[in-house]
Amino acid sequence: MGCGHKDDKASLASSQIASFSHQPHQPSTPASKEVWKKGGRMFSILLAVHLALLACTLVSSGAFEKIAVHDYDVFFLLTVMMLIVIIWIIFYLVSTARCPDAILCKDSHAGPIWLRGGLILFAIFSLVMDVFKIGYYSSFYSCLSAIKIIYPIVQAIFVVVQTYFLWISAKDCVHVHLNVTRCGLMLTLTTNLAVWMSAVTDESVHKAHSKLKKNVTDEIFRWLLKVGMRSSSAEECNCNSQICQIFKNGYFWLYPFNIEYSLFASAMVYVMWKNVGRFIDHHSHHIHRLKFRLFRRTFFVGIVLGLIILVSGLGVLIVYEVQVNSSTESSKKSQALTMYYIFNIVCLGLMSLVCIGGSVIYRFDKRDMDRHKNPTRTLDVALLMGAALGQYAISYYSIVAIVASTPRDAISALNLTYALLMIAQHTFQNIFIIEGLHRQPPKEDHKHSSHQKDLYGLTFVNVNAVSLRVPDSGSTLAPSTAPGTEATHPSDLVRSLTAPKRMNWRRKFLREISMFLLLSNIILWIMPAFGARPHFDNDTELNFYGDSMWPAIVDICLPFGIFYRMHAVASLLEVYIMS
């Protein structure tokens, strides 16, 4: 991969020889390089922190009417940041292409194919969203600022350039322009996080306005916009045409894909930043070429159950959207909430039991733990643990509100059970995924001789025919057997031919568990990402915490919970392949 093992070893050897030859004259060279490496990282981190705070301040201030920060101010900052990142990416690609020693080695764990494939999928939907935005804002060109149209155009170019950059450079361990590269990668990461914050805020404001419009008259709604949260500047323009309504509803429905794209890109950029100036030790950094076989060596139980959960969840989502968001009758709303909670309780309960079973199977797994340095795995674990905190917070707030509130009805009991199972499922699933990520891939049995291993490549073989060709006595094999090796009995050959066909039962069960959890996490990501949010439709938390505090808690924590589901899908896919 990349420059290959020979270039890496040669560079390491030359650097060691150079360091030994100059040791009497420069005894502190390694220490000074390490200090400068930490200094370059610290400078890039400080740059990212200041830019992130500035973007967070503008984005949060632009969400309220009384603060003199407009949405086009936020768009102007994001446009400038994306243009700078585009220029830096072009500089990086050109400089690394011209310098043959720029990338001496590559990290095989960084940027796996399923992560880059997911990035491309979210990038496609993000581009469609930008097209819808351009069409929507173009309808109000006369009453909107020009930056509202320029921003989605620049964002589309940014998505295309960044996706191409991450597709070809996600595994790079660059060794030129180290400090510039670190700062550029941190600027890219901060830009993605700023775009993510803007998208989350815009989506939350839109949903809050939709809920207000559903519950109050148009006059009261306009008054609330003047004294409370800011409306989009397009709200002041008339959107009467059908094509305008399609553009408006379309790009809001595509916001979840753009949000996930920004988070996926941020994770991949962070791994690249960790790999700047890194040398890969190929003695400890094993490259496992694992083949993804979805429908081989499985019982199909996990896939079938997962598909049942997925299809059932889509049906629940459709009914929930129709009865809660389109109907004003309280009875239909209660039925929809009851159906939603029952489905999630069953789904979360099954997932928790399956995760516990998977952790028990790991206790009997004979594979060694992978303790080598792996920035990608470290980031995966940190994101799983950190993103789960969002759903933990919502669940604990719900538990406190339900226990402290009176009276308690059936929906409150279901909500309490749902919150407790959500905490349990996140905990058990994190344990299962982290154990799977730290296991080494299955290895072939190395006890067989080389001529026995050659027989493993036969796809169709008649075992009886092979045994007939091999003499029963060891005398005939003696002349062809090399000195110092043992003669192989025909029965051993037969066992060696049939042994690889039997897959370990632990691996089969782990694959079934991983596939079931993967499909279940997909539907648990789809439901809140596309409108099924009982936190706003259940009155218990709203009455307990108030109309201002509870929506703020959900708006802050729920995006982390949605990201957790999608990141769990990617991690479970890796666990499936590693099993």
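Each value, and the rule that gives it
- Residues numbered from 1 in each chain as written.
- Predicted model: local features only at pLDDT ≥ 70, side-chain atom pairs only at ≥ 80, totals over all residues.
- Heavy atoms only, no water.
- Axes fitted to C-alpha atoms, helices over the stretch in contact; angles between N-to-C directions.
- Helix = DSSP H or I, 4+ residues; strand = E, 2+ residues; numbered from the N terminus.
- Parallel < 35°, antiparallel > 145°, perpendicular 65-115°, else oblique.
- Left-handed = near helix turned anticlockwise from the far one by under 90°.
- Nonpolar A, V, L, I, M, F, W, Y, C, P; charged D, E, K, R; others polar.
- Buried < 20%, exposed > 50% of the residue type's maximum accessible area, 1.4 Å probe, protein only.
- Contact = heavy atoms within 4.5 Å.
- Patch = residues over 30% accessible without salt bridge, like charges linked within 9 Å, V, L, I, M, F, W, Y side chains within 5 Å.
- Areas by Shrake-Rupley, 256 points an atom, 1.4 Å probe, with all protein chains shown as cover.
- Salt bridge = Lys/Arg side-chain N within 4 Å of Asp/Glu carboxyl O.
- Polar contact = N/O pair within 3.5 Å; in protein donor to acceptor, adjacent residues only side chain to side chain.
- pLDDT = per-residue confidence, 0-100.
- Core = buried A, V, L, I, M, F, W, Y, C linked by side-chain atoms within 4.5 Å.
- Domains from an automatic or database assignment.
- Phe/Tyr/Trp six-rings, centres within 6.5 Å; stacked < 30°, edge-to-face > 60°.
- Lys NZ or Arg CZ within 6 Å of the ring centre and 35° of its normal.

Asker: When you look at the packing of helix H12 (residues 375-404) against helix H20 (residues 549-578) in this model, what are you seeing that I'm missing?
Answerer: H20 packs onto H12 with a crossing angle of 140 degrees between their chain directions and a minimal axis gap of 7 Å. The angle between H12 and H20 falls in the class oblique. Note on packing geometry: the crossing formed by H12 with H20 is left-handed. By residue class, the composition of the contact of H12 with H20 is 16 nonpolar, six polar and two charged.

Asker: Mind showing me how you'd approach unusual backbone geometry here?
Answerer: A negative phi angle characterises most non-glycine residues, just as the trans form characterises most peptide bonds. A positive phi angle is found at His-177, which is not glycine, with a value near 50 degrees. Here His-177 is to be found in the loop between strand E2 (172-174) and helix H6 (178-215). Residue class for His-177 comes out partly exposed when judged on its relative accessible area of 44%.

Asker: Just checking my understanding: could you explain the environment of Val-74 for this structure?
Answerer: Mapping Val-74 onto the fold places it in helix H3 (residues 71-98). Residue class for Val-74 comes out buried when judged on its relative accessible area of 6%. Those residues in contact with Val-74 that lie beyond four places of it in its chain are Leu-58, Val-59 and Ser-198.

Asker: Honestly, a nonpolar patch on the surface in this entry has me stumped. Any pointers?
Answerer: A contiguous nonpolar patch, built from Met-42, Ile-45, Leu-46, Val-49 and Leu-53 and spanning about 430 Å² of accessible area, is present on the exposed surface. When its relative accessible area of 40% is taken as the criterion, Val-49 is described as partly exposed.

Asker: Help me understand the side chain of Thr-96, please; the structure alone is not making it clear to me.
Answerer: Along the chain, the position of Thr-96 falls in helix H3. Judged by its relative accessible area of 15%, Thr-96 is buried. Separated by 3.2 Å, the side chain of Thr-96 and the backbone oxygen of Leu-93 make a polar contact. In contact with Thr-96, not counting residues within four places along its chain, are Ala-102, Ile-103 and Val-174.

Asker: Whenever I open this one, the confidence of the model for the chain confuses me. Can you help?
Answerer: A residue-level look at the chain finds 72% of positions with pLDDT of 70 or above and a mean pLDDT of 76. Per-residue pLDDT stays below 50 along residues 283-292; that stretch engages in 20 contacts with residues further than four places along the chain or on separate chains. Confidence drops under pLDDT 50 across residues 445-488; counting only partners more than four residues distant or on other chains, this segment forms 29 contacts.

Asker: Whenever I open this one, the nonpolar core confuses me. Can you help?
Answerer: Proteins that are soluble and globular tend to have nonpolar side chains buried together. Core analysis: the biggest nonpolar cluster contains 132 residues, and Phe-432 and Trp-525 have the highest contact counts within it. Among the domains, domain 1 (37-221 + 239-279) and domain 2 (293-441 + 502-578) are the pair contributing at least three residues each to this core. Setting aside chain neighbours within four positions, we find Trp-525 in contact with Phe-122, Phe-257, Glu-260, Phe-530, Ile-562, Arg-565 and Met-566.

Asker: I'm lost on the packing of aromatic side chains in this one. Help?
Answerer: A ring pair, where both rings are aromatic, is described by two values, the distance of the centres and the angle of the planes. Counted according to the given criterion, the structure contains 29 aromatic pairs. Consider the rings of Tyr-340 and Tyr-341, whose centres lie 6.0 Å apart with planes at 75 degrees: the pair is edge-to-face. In terms of burial, Tyr-340 and Tyr-341 fall into one category: buried. In textbook terms, an aromatic cluster arises when at least three aromatic residues are bridged by ring pairs, as seen for Phe-122, Phe-125, Trp-253, Phe-257, Phe-264, Trp-525 and Phe-530. When the ring centre of Trp-273 is taken as origin, the NZ or CZ atom of Arg-41, which lies over that ring, is 5.4 Å away.

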